[in-house]
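Structural overview
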Amino acid sequence: MKKNTLTDIAQTEIALVVPVFNEEQTIKLFVEHVHQVLADVKWQWNILFVDDGSSDQTLTILKQVVDSDPRVGYIALSRNFGKEIALSAGLLNARGDAAVPIDVDLQDPPELIVDFVYHWREAQVDMVYGVRTGRPDDTVAKRRSASWFYRLFNRITDTPIPENAGDFRLIDRRMIEALRQLPERNRFMKGLYAWVGYTSLSVPYSRPARIAGESKFNYWRLWNFALDGVFSFSTLPLRIWSYIGALIAGISFFYILVIIAQVVFFGRDAPGYASLMSAILFFGGMQLLSIGILGEYVGRLFIESKQRPLYFVIDTSDDYVDVR
Ligand code: UDP
Ligand code: MG
């Protein structure tokens, strides 16, 4: 049995979903480049920009592009909600048989979309994702910390995510509909893709440098992004304290036996403030740490329990209404 019913290639439509935040320098370059690359493909395509509350000329430029190019549309969010939410808004509103989330700075080479579509149709999978073989633009520290993150994440969750895969991928309609059913506010997209499951295939590519403008992700933002990923997809950090507690209690019990034996059999006084002090400090630290981790989860529960909408839309091009 065929897993997904594919339409005729000429009827197949792919939506490029492009979150943009203060990208006045890159939008036109991106659209031009995509037109060059996709000029001869047999399938249909469109571009949906999601303006993530930009404060520069991004929206003005989007309007210009939309006026001169019938393939392009946009949705503008009411403020900066962050890339994950902007992506969700785009995926929920994308039109076509599959969507391709792609960065506007040409770090996700549009050339690869042709391969994505080819593999998608050949292998009949629900998702084709790009895996970075090289990221010469990134610093050693960024690459190293990314690799640590993936290793830790995959060790402590039930739904591992492929290492070195970004948001750049092709997702078919069936999977988009599945993603639509995940209502959480905390949207660590890579984790969500993995969580919904379905079938997938990877395509390697080398990630080039940004074509213009600057990266929006500094280390603090990346750190928080990593925390979101871990705490949204694993309860191990919560549960591990019972084991650590049991281990320490066990060790302490034996230590107490040793002290009693020393006093009873050798008449030696239990020495020391130093050992007492270090035990107190150690336990104090452990308790603060475990309370902090509890706090990470309680904080997220708090946000989710408010059940607020994911985002608000302030403006769209004529051919889009927010369908969420
Ligand atoms: N982006 C966004 N909202 C944000 C930050 C970034 O929509 O709050 C978009 C940005 O415009 C770009 C993509 O996400 O299209 C990737 O951002 P960036 O190139 O800054 O990230 P990096 O490639 O450095 O990881
Ligand atoms: Mg980039």
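What counts, and at which threshold
- Residues numbered from 1 in each chain as written.
- Chains lettered and ligands numbered in written order.
- Predicted model: local features only at pLDDT ≥ 70, side-chain atom pairs only at ≥ 80, totals over all residues.
- Heavy atoms only, no water.
- Helix = DSSP H or I, 4+ residues; strand = E, 2+ residues; numbered from the N terminus.
- Buried < 20%, exposed > 50% of the residue type's maximum accessible area, 1.4 Å probe, protein only.
- Contact = heavy atoms within 4.5 Å.
- Areas by Shrake-Rupley, 256 points an atom, 1.4 Å probe, with all protein chains shown as cover.
- Lys, Arg positive; Asp, Glu negative; His and termini not counted.
- Charge placed at Lys NZ, Arg CZ, Asp CG, Glu CD.
- Polar contact = N/O pair within 3.5 Å; in protein donor to acceptor, adjacent residues only side chain to side chain.
- Phe/Tyr/Trp six-rings, centres within 6.5 Å; stacked < 30°, edge-to-face > 60°.
- Lys NZ or Arg CZ within 6 Å of the ring centre and 35° of its normal.
- Donors = N, O, S within 2.8 Å, 3.2 Å for Na, K, Ca; no water.
- Arc of directions from axis to C-beta.
- Near = heavy atom within 4 Å.
- Axes fitted to C-alpha atoms, helices over the stretch in contact; angles between N-to-C directions.
- Parallel < 35°, antiparallel > 145°, perpendicular 65-115°, else oblique.
- Nonpolar A, V, L, I, M, F, W, Y, C, P; charged D, E, K, R; others polar.
- Patch = residues over 30% accessible without salt bridge, like charges linked within 9 Å, V, L, I, M, F, W, Y side chains within 5 Å.
- Salt bridge = Lys/Arg side-chain N within 4 Å of Asp/Glu carboxyl O.

1. Brief notes about the overall build of the protein
Scanning the protein for helices and strands turns up ten helices and eight strands. Structurally, the protein occupies a C-alpha span of about 90 × 50 × 40 Å along its principal axes. Taken across its 324 residues, the protein has 44% of its residues classed as buried. Restricting the contact set of the protein to residue pairs at least 6 apart, pairs at least 24 apart contribute 83%. Put simply, the protein shows about 17500 Å² of open surface, and 61% of that area lies on carbon and sulfur atoms. Charge centroids of the protein, computed over 34 positive and 37 negative side chains, lie 6 Å from each other.

2. Re the environment of alanine 194
Tracing the backbone shows alanine 194 in helix α7 (residues 189-196). On the basis of relative accessible area, alanine 194 is assigned to the partly exposed category, the value being 23%. Between the C-alpha atoms of alanine 194 and valine 50, which are 144 residues apart in sequence, the distance is 23 Å. When near neighbours in sequence (up to four residues on either side) are disregarded, alanine 194 contacts Thr159, Pro160 and Ile161.

3. A look at the environment of aspartate 322
With respect to the secondary-structure elements, aspartate 322 resides in the segment after β8 (313-316). Among the polar contacts made by the side chain of aspartate 322, one reaches the side chain of asparagine 93 at a distance of 2.9 Å. A polar contact is formed between the side chain of aspartate 322 and the side chain of tyrosine 311, at a distance of 2.9 Å.

4. Some details on the packing of aromatic side chains
Inspection of the entire model under this criterion finds 13 aromatic pairs. Here the aromatic rings of phenylalanine 231 and tyrosine 297 are separated by 5.1 Å at their centres, their planes lie at 75°, and the arrangement is edge-to-face. Placement of phenylalanine 231 in helix α8 (residues 219-233) and of tyrosine 297 in helix α10 (residues 273-305) is noted, with a sequence separation of 66 residues between them. Note on accessibility: phenylalanine 231 and tyrosine 297 belong to one class, buried. Here the aromatic cluster, defined as three or more aromatic residues joined through ring pairs, consists of Phe149, Tyr150, Phe153, Phe188, Phe225 and Phe233. Cation over ring: arginine 79 sits above phenylalanine 81, and NZ or CZ is 4.0 Å from the ring centre. Here the guanidinium or amino end of arginine 95 rests over the ring plane of tyrosine 320, the centre of that ring lying 3.9 Å away.

5. Things to note about unusual backbone geometry
A positive phi angle is found at glutamine 124, which is not glycine, with a value near 55°. Of note, glutamine 124 is situated in the loop between α4 (111-123) and β5 (127-134). A relative accessible area of 16% places glutamine 124 in the buried class. Within the chain, asparagine 164 stands out as a residue other than glycine whose phi angle is a positive 65°. With respect to the element layout, asparagine 164 can be found in the loop between α5 (140-156) and β6 (165-172). On the basis of relative accessible area, asparagine 164 is assigned to the partly exposed category, the value being 24%.

6. Side note on the coordination of the magnesium ion (ligand 2)
Looking at the magnesium ion (ligand 2), one finds its protein donor set to be Asp105 (OD) and Gln107 (OE1), positioned 1.9 Å from the metal centre. Across the pair, glutamine 107 and aspartate 105 agree in class, each one buried.

7. A look at helix α2 (residues 58-68)
Of all the positions in α2, only Thr58, Ile61, Leu62, Val65 and Val66 are classed as buried. All buried residues of α2 project into a common sector of 140° when viewed along the axis, lining one side. Turned more than 90 degrees away from the buried face of α2, the exposed residues are Asp67 and Ser68. On its buried side, α2 packs onto β1 (13-20), α1 (27-37), β2 (44-51) and β3 (72-77).

8. Overview of the site of ligand 1
Residues in close proximity to ligand 1 total 18 residues, the closest being Glu23, Asp52, Asp105, Ser215 and Lys216. For ligand 1, an oxygen atom lies 2.6 Å from a polar atom in the side chain of aspartate 105. With respect to ligand 1, the side chain of arginine 221 contributes an N or O atom lying 2.8 Å from an oxygen atom.

9. Quick look at the packing of α5 against α8
Running from N to C, α5 and α8 point in directions that differ by 10°, and their axes come no closer than 10 Å. Our classification of the angle between α5 and α8 gives roughly parallel. Taken together, the residues of α8 that come into contact with α5 (itself represented by Ala141, Lys142, Phe149, Leu152, Phe153 and Ile156) are Tyr219, Leu222, Ala226, Gly229, Val230 and Phe233. Within the contact of α5 with α8, the residues separate by chemical class into ten nonpolar, one polar and one charged.

10. A short note on a nonpolar patch on the surface
Taken together, the side chains of Phe253, Phe254, Ile256, Leu257, Ile260, Val263, Val264, Phe265 and Phe266 define a hydrophobic patch exposed on the protein surface, amounting to about 990 Å² of accessible area. Tracing the chain through its elements places valine 264 in helix α9 (residues 236-266). By relative accessible area, which is 58% here, valine 264 ends up exposed.

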